[in-house]
Amino acid sequence: MTLEDQFYDMYREYFRHAENGRRWNVERDIPWDKCNPQTNDKVAQAVEAFMAVEMYLPDYTSKILHLVRHSRGRAWFQANWGYEESKHSLALEEWLIHSGKRTERQVRDYSDSLLQQEWDMPFDTPRRMIIYTTLQELSTQLNYRKLMALAKAENDEALVTALGFISRDEAAHFKFFKDGARLFLEDNRDATLLDIQYVLTNFKMPAIDLISEWQEYLNNIVELGLFSARIFLGEVVQPALKQLEVTRADLKAVVDASGIANLIEPKAKSALNFVR
Ligand SMILES: [Fe+2]
Ligand SMILES: [Fe+2]
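Residues numbered from 1 in each chain as written. Chains lettered and ligands numbered in written order. Predicted model: local features only at pLDDT ≥ 70, side-chain atom pairs only at ≥ 80, totals over all residues. Heavy atoms only, no water.

(A) View of the packing of aromatic side chains. Evaluation of the coordinates by the stated rule reveals 18 aromatic pairs. Seen from their ring centres, Phe7 and Phe176 are 6.4 Å apart, and the 45° between their planes marks the pair as tilted. Highlighted residues: Phe7 in helix H1 (residues 3–22) and Phe176 in helix H7 (residues 157–187), separated in sequence by 169 residues. Ring plane angle 80° and centroid distance 5.1 Å describe the contact between Phe77 and Phe177, whose orientation is recorded as edge-to-face. (Phe/Tyr/Trp six-rings, centres within 6.5 Å; stacked < 30°, edge-to-face > 60°. Helix = DSSP H or I, 4+ residues; strand = E, 2+ residues; numbered from the N terminus.)

Take a look at the structure:
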């Protein structure tokens, strides 16, 4: 079977699962009357920060879709992915409004101002982008799961329910991209290992250069324990490599053998790139 055949089969399987068991409805499935107006403002600020990152959906969808448009499996997946991601920002903004943390006007004005900026892909090949999105989706899944635990402690049933649906979607996204990265490893292991090393060295969270409040958001996210360099390395990079069945030694060996170690060896602070 060709790589594209495998991607298409993976997509059909993904879509079957999504249609049969994972779909959810922003209006019907979240108990909006069970928002807790007393929920900590720091939690609300984290919701706003994640909503801001989700807001660049038009760029994430259009640019990645264009990059993989020749691939039926990946392109159709990307279209479906865009639909699912669109519900994430909707649910987060609904919570901000229903909880009384922000007015509808504030949310609309903020969304409009975010969309003045445009996101560009951090990598320009499909293989590097699938590795990047693998790490990205696992990071967001983790962010939302940790935020859900805080929402539980605040007795905010609406936010808990919304974050439960969202993090389940992110887990499914991670699985698709991770399985795709595994296909690339089977297809050309050494070149894919080099790309993994390259992406790890240059990883940063999406859109953070575009959001003027990002530093303030980040301080809050770190303070709440939702994300940090340590979490990224220990709870994203390590488990992702494990699921790809790639070790640090594999990466080092291929980098050493390639003779381009000086070009892609991690810089001292590369793990902190997501804070930039
Ligand atoms: Fe999302
Ligand atoms: Fe996602």
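(B) Main features of the coordination of the iron ion (ligand 1). The protein atoms donating to the iron ion (ligand 1) are Glu54 (OE), Glu54 (OE), Glu85 (OE), His88 (ND1) and Glu170 (OE), with metal-donor distances spanning 2.0 to 2.8 Å. Spacing between the donor residues of the iron ion (ligand 1) along their common chain follows E-x30-E-x2-H-x81-E. Between the two metal centres, the iron ion (ligand 1) and the iron ion (ligand 2), the spacing is 3.8 Å, with Glu85 acting as a shared donor. Within this pair, whereas Glu54 is found in helix H2 (residues 41–54), its partner His88 is found in helix H4 (residues 72–98), the two being separated by 34 residues in sequence. The class of Glu54 is buried, set by a relative accessible area of 8%. The class of His88 is buried, set by a relative accessible area of 0%. (Donors = N, O, S within 2.8 Å, 3.2 Å for Na, K, Ca; no water. Buried < 20%, exposed > 50% of the residue type's maximum accessible area, 1.4 Å probe, protein only.)

(C) Region of the structure containing H2. Taking 1.5 Å of rise per residue, the 14 residues of H2 would be expected to cover 20 Å, and the 20 Å separating its terminal C-alpha atoms lies within 8% of that figure. In terms of burial, H2 is largely enclosed, as 12 of its 14 residues are buried. Within the sequence span of H2, burial applies to Val43, Ala44, Gln45, Ala46, Val47, Glu48, Ala49, Phe50, Met51, Ala52, Val53 and Glu54. Next to the buried residues of H2 lie helix H3 (57–67), H4, helix H5 (104–114), helix H6 (126–153), H7 and helix H9 (214–223). N-capping of H2 is provided by Asn40, with a side-chain oxygen placed 2.8 Å from the backbone N of Lys42. (Expected span 1.5 Å × (residues − 1). Contact = heavy atoms within 4.5 Å. Polar contact = N/O pair within 3.5 Å; in protein donor to acceptor, adjacent residues only side chain to side chain.)

(D) View of the packing of H4 against H7. Contact geometry of H4 with H7 gives a least axis separation of 10 Å together with a crossing angle of 160°. By the angle between their axes, H4 is roughly antiparallel relative to H7. With respect to the hand of their crossing, H4 and H7 are arranged in left-handed fashion. Here Gly73, Arg74, Phe77, Gln78, Trp81, Glu84, Glu85, His88, Ala91, Leu92 and Trp95 of H4 lie close against H7, whose contacting residues are Ala158, Leu159, Ala162, Leu163, Ile166, Asp169, Glu170, His173, Phe176, Phe177 and Phe184. (Axes fitted to C-alpha atoms, helices over the stretch in contact; angles between N-to-C directions. Parallel < 35°, antiparallel > 145°, perpendicular 65-115°, else oblique. Left-handed = near helix turned anticlockwise from the far one by under 90°.)

(E) Broad picture of the coordination of the iron ion (ligand 2). Taken together, the protein donors to the iron ion (ligand 2) comprise Glu85 (OE), Glu137 (OE), Glu137 (OE), Glu170 (OE) and His173 (ND1), at separations of 1.9 to 2.8 Å. Glu85 gets classed as buried once you look at its relative accessible area, which sits at 4%.

(F) View of the packing of H7 against helix H8 (residues 189–202). Between H7 and H8, the least distance of the axes is 6 Å, while the angle of their chain directions is 135°. The pairing of H7 with H8 is recorded here as oblique in orientation. Within the contact between the two elements, H7 uses Ala181, Phe184, Leu185 and Asp187 and H8 uses Arg189, Thr192, Leu193 and Ile196. For the contact of H7 with H8, the class distribution of residues is 5 nonpolar, 1 polar and 2 charged. (Nonpolar A, V, L, I, M, F, W, Y, C, P; charged D, E, K, R; others polar.)

(G) The nonpolar core, seen in detail. Membership of the largest hydrophobic core comes to 92 residues, with the highest contact counts inside it found for Trp95, Ile196, Ile211 and Trp214. The greatest single-element share of this core, amounting to 15 residues, is contributed by H7. Setting aside chain neighbours within four positions, we find Trp95 in contact with Trp32, Cys35, Thr39, Ala44, Val47, Lys101, Asp156, Ala158 and Leu159. (Core = buried A, V, L, I, M, F, W, Y, C linked by side-chain atoms within 4.5 Å.)

(H) Main features of H3. Looking at H3, one finds that the buried residues are Leu57, Asp59, Tyr60, Thr61, Lys63, Ile64 and Leu67. Contacts made by the buried residues of H3 are with H2, H4 and H6.

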